[in-house]
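Observations on chain architecture
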Amino acid sequence: EAQVTQNPRYLITVTGKKLTVTCSQNMNHEYMSWYRQDPGLGLRQIYYSMNVEVTDKGDVPEGYKVSRKEKRNFPLILESPSPNQTSLYFCASSLLAETEAFFGQGTRLTVV
Amino acid sequence: GEDVEQSLFLSVREGDSSVINCTYTDSSSTYLYWYKQEPGAGLQLLTYIFSNMDMKQDQRLTVLLNKKDKHLSLRIADTQTGDSAIYFCAETPGTSYGKLTFGQGTILTVHP
């Protein structure tokens, strides 16, 4: 089954404790991206990747890092999480940049 | 930069048609999308339209694109209670491959 898998689905952490949210897709898609969803703001792009070892900043990259060492995986790293990073995070992938994106189920992160 | 706007709420009676509207600013948009998000779930692609099309119909869904006015709409015929969800309009900017810009989302409530 074609899918985008994120882990964990829920995470509560403390300020400053490094964490990684994993994202994996099994569709051999070149493009992957991370979004955060906050009430009344829709989804805002954090980072995206056009291929292995190629990543670019989205609209809200501050406080986040990503890596793309293999095609299928695109982890999101928060080196020093802060409470304003409490949000619902979605990973997405697409075959080409301009075709439809498939989304993971989301990761609800709470930073206290 | 790119901007996508939607009205926040829509309430309809079961069996009626729903029309969700969206406006965007990027005249170079290539693809425009409608996503559905049910409570506690990820985003599900409902339909999309390429920018050189005016209309696309898919069962109960009709997408209309007015490129001159940069206006996109989604019509759901015979709306059911299972259609209650948040609907997001999104576009792929012509100058930013790999990126999706989302509207704030429209909360559709269907009353029996």
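Below you will find a few notes about this structure. Quantities reported herein were computed from a predicted structural model and do not represent experimental measurements.

**Considering the nonpolar core**
In this structure, W34, L72, L74 and Y87 of chain B are the most contacted members of the largest nonpolar core, which totals 20 residues. In this structure L72 of chain B touches I20, N21, C22, L32, Y33, W34, I49, V63, L64, L65 and C89 of chain B, once residues within four positions along its chain are discounted. Listed in part, the 19 residues of the second largest apolar core include V21, F74, Y89 and L109 of chain A.

**Some words on the environment of F102 of chain A**
Residue and element names in this part refer to chain A. Position of F102 relative to the elements: it lies in strand 10 (residues 102-103). Classification of F102 by relative accessible area gives partly exposed; the value is 38%. Each C-alpha atom, one on F102 and one on M32, is 9.3 Å from the other, the two residues being 70 residues apart in sequence. Those residues in contact with F102 that lie beyond four places of it in its chain are V4, M27, H29, C91, A92 and S93.

**Observations regarding the packing of aromatic side chains**
This model, assessed by the stated rule, comprises 13 aromatic pairs over all chains. Ring geometry for Y33 of chain B and Y35 of chain B: centres 6.1 Å apart, planes at 40 degrees, overall tilted. Y33 of chain B gets classed as buried once you look at its relative accessible area, which sits at 0%. Taken together, the ring pairs connect Y35, F90 and F103 of chain A together with Y31, Y33, Y35, Y48, F50, F88 and F102 of chain B into an aromatic cluster.

**Let's talk about the side chain of S49 of chain A**
All names here are of chain A. Turning to its location among the elements, S49 is positioned in strand 5 (residues 42-51). At a separation of 3.0 Å, a polar atom in the side chain of S49 contacts the main-chain carbonyl oxygen of N51. Once residues lying within four places of it in the same chain are set aside, the contact partners of S49 are E30, Y31, M32, V54, T55, R68 and F74.

Here is what the cut-offs are and how they apply
Residues numbered from 1 in each chain as written. Chains lettered and ligands numbered in written order. Predicted model: local features only at pLDDT ≥ 70, side-chain atom pairs only at ≥ 80, totals over all residues. Heavy atoms only, no water. Core = buried A, V, L, I, M, F, W, Y, C linked by side-chain atoms within 4.5 Å. Buried < 20%, exposed > 50% of the residue type's maximum accessible area, 1.4 Å probe, protein only. Contact = heavy atoms within 4.5 Å. Helix = DSSP H or I, 4+ residues; strand = E, 2+ residues; numbered from the N terminus. Phe/Tyr/Trp six-rings, centres within 6.5 Å; stacked < 30°, edge-to-face > 60°. Polar contact = N/O pair within 3.5 Å; in protein donor to acceptor, adjacent residues only side chain to side chain.

Just geometry here; none of it tells us what the structure is for.
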